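As a plain string of letters, each chain reads:
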Amino acid sequence: MQIKSDHTVSANRERVWEHLTDAELLSQCIPGCEELKATGGGTYEATIKVGVAGIKGTYKGTVRLENMQPPSAYRLMVEGKSTIGFLKGACDFRLEEAKPDETKVGLNGELAVGGKLARVGQRIIGSAAKMTIGQFFKQINKLAATDTDS
Amino acid sequence: MATMAGPSRLIGAPIKRREDPRLVQGLSHYVDDIKLVNMHHCTFLRSDYAHADIKSIDTEAAENLSGVVKVITGVDIQGKVGSIPCAAEIEGLKVPDHPALAVDRVRFVGEPIAAVVATDPYVARDALDLIEVEYDELPTVVDLDDAIESDSTVIYDEFGDNIAFTMPLDAGDVDAAFAEADHVVSQRFVNQRLIPNSIEPRGVLAEYLPGEGTLTVWSSTQVPHHLKTILSLLLDLPEQLVRVIAPEVGGGFGSKLNVYPEEAVVAYLATELRKPVKWIEKRSEGFTTTIHGRDQVDYVDMAVKNDGTITALRAKLLANMGAYHQLLTPIIPVLTYLMMPGAYKISNIKLELIGVFTNKMATDAYRGAGRPEATHIIERMVDLAAQKLGMDPKEIRFKNFPQPDEFPLEMATGVTYDSGNYQMSFNKALDTVDYANLRTRQAELRSQGRYLGIGVATYAEICGMGPSVGVAGGGWESSTVRIERTGKVTVLTGVSPHGQGQETSFAQIVADEYGISIDDIVVIHGDTGRQPQGIGTFGSRATAVGGAALIIATQQVKEKMAQIAAHMLEANVDDLVFEDGNIFVQGSPDSAVTFADVAATAHVAVNLPPDVEPGLEATHFFEPSNFTYPFGAHISIVEVDPETGEIDLQRYVAVDDCGNIINPLLVDGQVHGGIAQGLGQAMYEGAVYDENGQLLTGSFMDYAIPKATQVPRFETEHTTTPSPVNPLGVKGVGEAGTIASSPCLVNAVVDALSPFGVTDIDMPMTPNRVWQAIQDAQ
């Protein structure tokens, strides 16, 4: 499944970069994130609760940030498994300064799911992913904007 | 023995199904209704990956869950549970090892990896979540065309490629026929993968009694006798100590004509734990791990003359086996191969059938099994040829039908059609719809911008499976008739009906022969302990083979009864009549003995004629001399909205010739259900896997089977051309509706859209596809 979306965050690019790559801040912004622990080398161990179409599961796996080009681009790699199957994805993040204190973040990636979630939820995984990403950026925006004010 | 038969009252009569009262009142017992003392429950952990190496399996946490009794993996049962068998015998067939639980590699999503036994079904389910499996993902093979490319990932390293077998045919002079053809039509067909979805899912309950050494297995199966034999081999148990019972079975459509890993594992666990163990399939397991149907890609060329004569057929048939062979997987497309000419005389045929492994669930028999694919190909090709020639689809069919006096007719594919009168059934269908007027109306509507389509399919199929030489595992059937001391009649049959209604039709056959009430007859089936020999119900065979065995056994007992009755009446055997529960000399009904009196005499055994043994029981094994070849003509009328692509199915007429009819209600019921399933394929259903081998249509939210509002009112008619290959003259009708209806509907929609230049549409013909076909053609 393809993931492609654009988001606007009301903060300058360096600040957005900081928020998108900081484990503590990320864990506050990823919906359902129960744990995100840095293990070094841009890799994190993650525990994330996911519920789609009445199918709920807790994914355990790794999140890895690669091709880091601060503050403009990086690649996010996700791999996890749960009782409702596995997921595996790679997504390129591109940060562009739109205006002073406003950053455009473009996402372009692929997500593969397997197991029960694929069998029963596939039809709505696309919209569920979109919603989750939307929630994520809403939260990032909130935190980044709050920081600017302070 | 001369004329003993009373007037025929029941054969051919529309007797209501005797099975139905218990079914509609909820008084039936399916596997899940059977509960044994200290019964344990089994669940299966299944692969989430379509193709992966198993690096490790950690079952410790599951084993420690309170209530869990046992957790086993593939390694635990190596050497204890044999490889799941494939009965197909095809030259050069590659048969991979098929462990009941995967050992080091998984090859499709849903493949069982571990089994849990617990005291409670929910604990058994929860324990699955505690099993940790580490996989090494491998590239997947999902597309038929790609799988046979030389650079494809190979699913079985030991085979070198993904080709399970190839089967060529070169009959007549195909190259010359194509060279001399006036026209050649070519088409690629996708016969999409279907999921059988019987209402009752699969289920197994097994109990082992260590003292007696007996294993009893209740399974929702179509083939209890095969299952008994195979389980005894897989578990190395003496066959005579294994009993398989198929209780009420809620549909199968071929999907329960099989031996599954779960049956072997549950039976093994029951013997190992010495406790009853039950597994009931979840609907989502049914979608992924009960066999699928169809799944072919066919490349076809047809050579025709200007007058409509079909001179040659050439085809490459790619058949998707899935990842493993189940019981008959490779056999199914062979039926496509054999039936390629359909209802037409085509003497030049060149075929290449290729069975292909992919990382998907195995395909196997699903209602029609190989013949819907053949019928789709030939019926679509005939219409394509007619379209090219500017000929009416009716004319090209009449042009190529064999004449009724040409039967038995040897076909270029090697089969011999038993009997037929294709003109008769087709004419009846044409008359029923008033074909000529329909075409006029179609032209009128077209001038108003409305698109009526008239679809025709004239089919011939192969069933009544069949002579043993042509049926893996044997094609005979056995039936026993026993007249009890009280004159009640017990029929024991080796066929295993699960919706077909033989408890009714077999009783009709016996009641007529004996001149007794149908209420005095009970038909027992589906229990290897009571009817120790049999093959089962599939391939529209139960009446053609099992019914044939029954009529012969019935007559054997009747002959003995007549001897005893003649002795009692001091009359001549040849003069006796069986009527209304009495046996008497023709013309002298007043001095009769009752059927029950004769039965009692046979059992009391003090007044028997010399050389007559006590008791009244006979078993007959019937071996048919050939398959049967039902045929018929279906016509459907649709109107298509070119703006939305929606199809309005306005009328469906089916004329089926299944030989003699025992019970017209049962026949019509079979035709109705068959058409509904063919319509499902034509318009709604399709199993879709993504490029990673994940089944995307894994629930009824995404896999559309037709609802009651989506099927039309069926108009059924029949012609009767008896089969010469069995004493009842019957052919079989379980699959005909499915076989004819999908091409009939596609032909109707293509006919409706021919003004746009549409020549073919892939199934299922969803509104989107129909609309797209119109756009693409313009």
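If you're wondering where the values come from, they're calculated on a predicted model, not measured in any experiment. (Residues numbered from 1 in each chain as written. Chains lettered and ligands numbered in written order. Predicted model: local features only at pLDDT ≥ 70, side-chain atom pairs only at ≥ 80, totals over all residues. Heavy atoms only, no water.)

1. Regarding the overall build of chain B
Helices and strands together make up the secondary structure of chain B, namely 19 helices and 28 strands. Against the globule reference of 28 Å for 778 residues, chain B gives a C-alpha radius of gyration of 28 Å, in line with a compact fold. When its C-alpha atoms are laid out on the principal axes, chain B stretches across 85 × 75 × 45 Å. Per-residue burial for chain B yields a buried fraction of 63% across its 778 residues. Counting only contacts in chain B whose residues sit at least 6 apart along the sequence, the fraction spanning at least 24 positions is 80%. About 27,400 Å² of surface is accessible on chain B, with carbon and sulfur atoms providing 49% of the total. (Helix = DSSP H or I, 4+ residues; strand = E, 2+ residues; numbered from the N terminus. Rg over C-alpha atoms; globule rule 2.2 N^0.38 Å. Buried < 20%, exposed > 50% of the residue type's maximum accessible area, 1.4 Å probe, protein only. Contact = heavy atoms within 4.5 Å. Areas by Shrake-Rupley, 256 points an atom, 1.4 Å probe, with all protein chains shown as cover.)

2. Some points on the interface of chain A and chain B
Contacts between chain A and chain B engage 15 residues on the former and 21 residues on the latter. Counting the surface lost from both chain A and chain B, the interface buries some 1,400 Å², and carbon and sulfur atoms represent 45% of this. Our count for the contact surface shared by chain A and chain B stands at one salt bridge. With a shortest N-O distance of 3.3 Å, lysine 88 of chain A and glutamate 137 of chain B are connected by a salt bridge. For the pair chain A and chain B, the interface holds four residue pairs in polar contact (both at pLDDT 80 or more). Of all the secondary-structure elements, those providing two or more residues to the side of chain A that touches chain B are strand E6 (85-99), strand E7 (102-113) and helix H3 (116-149) of chain A. Broken down by element, the side of chain A that touches chain B gets its largest block of residues, six residues, from H3 of chain A. Partitioned by chemical class, the residues of the side of chain A that touches chain B number five nonpolar, five polar and five charged. (Buried area = accessible area lost by both parts, 1.4 Å probe. Salt bridge = Lys/Arg side-chain N within 4 Å of Asp/Glu carboxyl O. Polar contact = N/O pair within 3.5 Å; in protein donor to acceptor, adjacent residues only side chain to side chain. Nonpolar A, V, L, I, M, F, W, Y, C, P; charged D, E, K, R; others polar.)

3. Observations regarding the side chain of aspartate 657 of chain B
Residues and elements named next belong to chain B. Along the chain, aspartate 657 turns up in strand E27 (residues 646-657). Notably, aspartate 657 is buried but unbridged: the nearest opposite-charge side chain belongs to lysine 731, and the N-O separation is 5.4 Å. In this structure the side chain of aspartate 657 is engaged in a polar contact, spanning 3.1 Å, whose partner is the backbone nitrogen of glycine 659. There is a polar contact of 2.6 Å between the side chain of aspartate 657 and the side chain of threonine 721. Residues contacting aspartate 657, with those up to four places away along its chain left out, are Met424, Tyr459, Pro630, Phe631, Gly632, Thr719, Thr720, Thr721 and Lys731. (Lys, Arg positive; Asp, Glu negative; His and termini not counted.)

4. As for the sheet that holds strand E1 (residues 40-46) of chain B
Residues and elements named next belong to chain B. If you walk across this open sheet you meet the seven strands as E3-E5-E1-E12-E9-E10-E11, and the pairing is mixed. A strand with exactly one partner marks an edge of an open sheet, and here the two such strands are strand E3 (68-73) and strand E11 (242-245). Each adjacent strand pair in this sheet contributes to an overall mean axis angle of 20°, direction not counted. In this sheet, strand E5 (residues 112-118) lies alongside E3 in antiparallel orientation, the contact comprising five bridges. Bridge pairing in E5 links valine 68 to alanine 118. Sheet strands in contact with helix H3 (residues 121-128) are E1, E3 and E5, and its direction is about 20° off that of E1. (Pairing = 2+ DSSP bridges. Axes fitted to C-alpha atoms, helices over the stretch in contact; angles between N-to-C directions.)

5. Observations concerning unusual backbone geometry
Omega for the peptide link from proline 70 of chain A to proline 71 of chain A comes to -5°, which places this bond in the cis form. Tracing the backbone shows proline 71 of chain A in the loop between strand E4 (55-69) and strand E5 (73-82). Cis geometry is found at the peptide bond from methionine 763 of chain B to proline 764 of chain B, where omega equals -5°. With respect to the secondary-structure elements, proline 764 of chain B resides in the loop between helix H18 (736-753) and helix H19 (767-777). The phi dihedral of aspartate 236 of chain B falls on the positive side, at around 55°, and the residue is not glycine.

6. Focus: the confidence of the model for chain B
Residue and element names in this part refer to chain B. Summarising the model, chain B shows a mean pLDDT of 97, and 99% of its residues fall at 70 or more. Here residues 1-6 is a poorly scored stretch, pLDDT under 50, and it has 16 contacts once near neighbours within four places are set aside; other chains count. In the predicted complex, the global pTM is 0.94; the interface-specific ipTM is 0.84. (pLDDT = per-residue confidence, 0-100.)

7. Some words on a negative patch on the surface
All names here are of chain B. Negative charge collects at one region of the surface, where Asp58, Glu60, Glu63, Asp76 and Glu132 lie side by side. Topologically, aspartate 76 is positioned in the loop between E3 and strand E4 (105-106). Aspartate 76 gets classed as partly exposed once you look at its relative accessible area, which sits at 34%. (Patch = residues over 30% accessible without salt bridge, like charges linked within 9 Å, V, L, I, M, F, W, Y side chains within 5 Å. Charge placed at Lys NZ, Arg CZ, Asp CG, Glu CD.)

8. Focus on the nonpolar core
Residue and element names in this part refer to chain B. Of all hydrophobic cores here, the largest spans 140 residues; its most connected members are Leu215, Val265, Leu269, Met302 and Tyr417. The element best represented in this core is helix H10 (residues 371-389), accounting for nine residues. Residues lining this core come from more than one domain, with at least three contributed by each of domain 2 (34-138 + 199-251 + 256-289) and domain 3 (369-463 + 627-777). Val489, Ala544, Ala562 and Val593 belong to the second largest nonpolar core, which has 47 residues in total. (Core = buried A, V, L, I, M, F, W, Y, C linked by side-chain atoms within 4.5 Å. Domains from an automatic or database assignment.)

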